[in-house]
Amino acid sequence: MYRHIIVGRGLIGSAAARHLSAWQDGVAVVGPDEPEYRLSHDGVFASHYDEGRLTRIYDPAPEWSLTAARSIARYPEIEAESGVDFFTSAGYLGIVGSEDIETKPAVALARENGGNTTAIDASTMRELYPFLSLPNDCAGIRETETAGYVSPRSLVRAQTRVAEKNGAEIIRAAAKSLDVRGSTVAVTTDDGRTLEAERVLIATGGYTDACKLLPRPLALTVYGRTVVLFRVTDAAAEVLEGMPTIIDKFAGSYILPPIRYPDGHAYVKIGIGTEADTQLKSLADLDGWFKSTGSERNRIEFTDVIERLIPVLKECPERHTDTCVTTYSKSGLPYIDFVAGDHLAVAVAGNGKGAKGSDDWGYAAARLMEGGEWDHPIPRYRLKASFA
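Residues numbered from 1 in each chain as written. Predicted model: local features only at pLDDT ≥ 70, side-chain atom pairs only at ≥ 80, totals over all residues. Heavy atoms only, no water.

As annotated in an unreviewed UniProt entry, the protein is FAD-binding oxidoreductase from Nisaea acidiphila. Under Cofactor (unreviewed entry), UniProt gives the following word-for-word description of the protein: "FAD". (UniProt positions renumbered as here; feature names shortened; annotations may be inferred.)

Pasting the structure below:
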């Protein structure tokens, strides 16, 4: 019998495991490792199988700015305790319209939360980032030191390693079913084990409803997203020296600077999410999407967007697509709430930007599980779960 079982070893689940295992014993974390061969894998996948996610304090939404700031402040501690480096302070550039009304209050909010954030004009942007081809009517939001990117693979590894050092048991399997048994919850895994705990936290992202782990489905929308990765030549890498992470509000795109991937090559990555993207509802949908190469239409559109913004990438002919999923809630914030008495809880829905603040969302989930006084600055009612 465990005190707590966390089902899901992604960004939020592994963070919850690290925090909870520092406060209490009897913690187990259930979740498989990344499959070696994607196409032959017949189990669940995860979107953290990647090397780059934007992180920054700047965000027009106060909850997202605050949780990012609290998470980023802990990055050095997590890296030191785990021995795993996952954060690169590459900086951030937001490209917005020169009359964008969100800019001034959002910059002030970011600075309030500790971000080294400033608004800059188009001429300054061209001086700082000469590799960009920018429209005349644009302005920028620049954040340094506190912004850049995390390797989600490495962040999960770091959180898991510290949780294990704290005494948590890591069970490298997938949960198949749950059974709420009065005052306990039983978790059956795909390798035939049945584990029992006083409380269980479900942090399974886009798989939560598809796997039917809860007594009733949550109000979640899961999108299949396509990204395009451009393999950077040596010549292009010189031009892109000092490139920050970018969100281009004109195109609705996010762009990562050259990042070294496991194949030894550096890639620039672009993604654009829209409500026209494929919705994934079943396990078959998710399995098919992760094993696919994504949308060919997206590949063409994204290539056009990034080559106009960063012309040197036209000289990088090797590019390929990859797939991930994003999970949205009705509230625009994660659901961190009990869903069956005070024994079964959830911590799901990154809403397309969960990586940067994942450690703090994990902290909130751990506080919920611990059962003590709620000490997170976001009120609990704001994270209440909605059901389909």
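Here the narrative resumes, following the displayed structure.
A. Main features of the overall build of the protein. Scanning the protein from N- to C-terminus turns up nine helices and 19 strands. Against the globule reference of 21 Å for 388 residues, the protein gives a C-alpha radius of gyration of 21 Å, in line with a compact fold. If you line up the protein on its principal axes, its C-alpha atoms span 65 × 45 × 40 Å. The 388 residues of the protein split such that 56% are buried. When contacts within the protein are restricted to residue pairs at least 6 apart in sequence, those whose partners lie at least 24 apart make up 74%. Here the protein displays about 16,400 Å² of accessible surface, and carbon together with sulfur accounts for 48% of that area. On the protein, the mean spot of the 42 positive side-chain charges and the mean spot of the 53 negative ones are 3 Å from each other. (Helix = DSSP H or I, 4+ residues; strand = E, 2+ residues; numbered from the N terminus. Rg over C-alpha atoms; globule rule 2.2 N^0.38 Å. Buried < 20%, exposed > 50% of the residue type's maximum accessible area, 1.4 Å probe, protein only. Contact = heavy atoms within 4.5 Å. Areas by Shrake-Rupley, 256 points an atom, 1.4 Å probe, with all protein chains shown as cover. Lys, Arg positive; Asp, Glu negative; His and termini not counted. Charge placed at Lys NZ, Arg CZ, Asp CG, Glu CD.)

B. How the structure looks around the environment of Tyr223. Mapped onto the fold, Tyr223 is located in strand E13 (residues 220-231). For the pair formed by Tyr223 and Cys324, sequence separation is 101 residues and the distance between their alpha carbons is 8.5 Å.

C. Representation of the sheet that holds strand E3 (residues 53-55). Reading across from one edge, E3-E8-E4 is the order of the three strands in this open sheet, with antiparallel pairing throughout. The two strands at the open ends of the sheet, each matched to only one other strand, are E3 and strand E4 (87-88). Looking at chain direction, E4 and strand E8 (residues 148-150) are connected through two bridges and run antiparallel. Counted as the bridge partner of Thr88 is Tyr149 from E8. (Pairing = 2+ DSSP bridges.)

D. Layout of the environment of Val185. In this fold, Val185 is placed in strand E11 (residues 184-189). The buried category is assigned to Val185, whose relative accessible area is 0%. Measuring from C-alpha to C-alpha, the distance between Val185 and Arg199 comes to 6.5 Å, with 14 residues separating the pair along the chain. For Val185, the residues in contact, after removing those within four places along its chain, are Asp179, Val180, Leu195, Glu196, Ala197, Val200 and His343.

E. Region of the structure containing the UniProt feature "domain: FAD dependent oxidoreductase" (unreviewed entry) in the protein. The positions that UniProt labels "domain: FAD dependent oxidoreductase" (unreviewed entry) are, in the present scheme, residues 5-356. End C-alpha to end C-alpha, residues 5-356 measures 24 Å, and it is 26% helix and 32% strand.

F. Spotlight on the nonpolar core. Core analysis: the biggest nonpolar cluster contains 40 residues, and Ile5, Val200, Ile202, Leu218, Tyr335, Leu344 and Val346 have the highest contact counts within it. Examining the composition of this core, we find that four residues originate from one element, strand E12 (residues 194-202), more than from any other. With residues near it in sequence (within four places) discarded, Leu344 still touches Leu178, Val180, Val200, Ile202, Leu214, Pro215, Asp337, Phe338 and Val339. Within the second largest apolar cluster, 31 residues are counted, among which are Leu54, Ile57, Ala69 and Val227. (Core = buried A, V, L, I, M, F, W, Y, C linked by side-chain atoms within 4.5 Å.)

G. Seen up close, the sheet that holds strand E6 (residues 116-121). In spatial order, the strands read E6-E7-E5-E14-E15-E16-E13-E17; together these eight strands make up an open sheet with mixed pairing. Whereas interior strands pair on both sides, the edge strands pair on one side only; in this sheet they are E6 and strand E17 (319-329). When strand polarity is set aside, the average angle formed by the axes of neighbouring strands in this sheet is 20°. The strands touched by helix H7 (residues 283-290) are E13 and E17; relative to E17, the strand with the most contacts, the crossing angle is about 150°. Most of the contacts of helix H8 (residues 296-309) go to E13, to which it runs at about 55°, and overall it touches strand E5 (92-97), E13, strand E14 (245-248), strand E15 (253-260), strand E16 (266-272) and E17. (Axes fitted to C-alpha atoms, helices over the stretch in contact; angles between N-to-C directions.)

H. Up close: the pattern of salt bridges. Considering all chains together, one arrives at 31 salt bridges under this definition. Across the pair Asp359 and Arg74 runs a salt bridge, and its minimum N-O distance is 2.8 Å. On the criterion of sequence distance, the pair formed by Asp359 in helix H9 (residues 358-370) and Arg74 in helix H2 (residues 62-82) is long-range, its members being 285 residues apart. Given a relative accessible area of 1%, Asp359 falls into the buried group. (Salt bridge = Lys/Arg side-chain N within 4 Å of Asp/Glu carboxyl O.)

I. Examining the state of the cysteines more closely. Under the criterion given, the structure shown has zero disulfides. Summary of cysteine pairing: Cys324 is not part of a disulfide, and the nearest cysteine sulfur, belonging to Cys211, is at 18 Å. Taking relative accessible area as the criterion, Cys324 reaches 10% and is therefore assigned buried. (Disulfide = S-S within 2.5 Å.)

J. Up close: the pairing of strand E19 (residues 344-348). Among the five residues in E19, five count as buried, and that is most of the element. Going residue by residue along E19, you find Leu344, Val346 and Val348 tucked away on one face and Ala345 and Ala347 tucked away on the opposite face as well. Looking at chain direction, E12 and E19 are connected through three bridges and run parallel. Of the residues in E19, the one forming a bridge with Val200 is Leu344.

K. Up close: the side chain of Thr327. By the secondary structure assignment, Thr327 is in strand E17. What makes Thr327 buried here is its relative accessible area of 7%. Among the polar contacts made by the side chain of Thr327, one reaches the main-chain amide nitrogen of Gly206 at a distance of 3.2 Å. Not counting residues up to four positions away in its chain, the partners in contact with Thr327 are Gly205, Gly206, Leu220, Thr221, Val222, Ala349, Gly350, Asn351 and Gly352. (Polar contact = N/O pair within 3.5 Å; in protein donor to acceptor, adjacent residues only side chain to side chain.)

L. Structural view of unusual backbone geometry. In this model, Glu145 sits at a positive phi of 70°, which is unusual for a non-glycine residue. Looking at where Glu145 falls in the secondary structure, it is placed in the loop between strand E7 (138-144) and E8. Owing to a relative accessible area of 57%, Glu145 belongs among the exposed residues under this scheme. With a phi close to 55°, Asn351 is a non-glycine residue in the positive phi region. If you trace the backbone, Asn351 turns up in the loop between E19 and H9.

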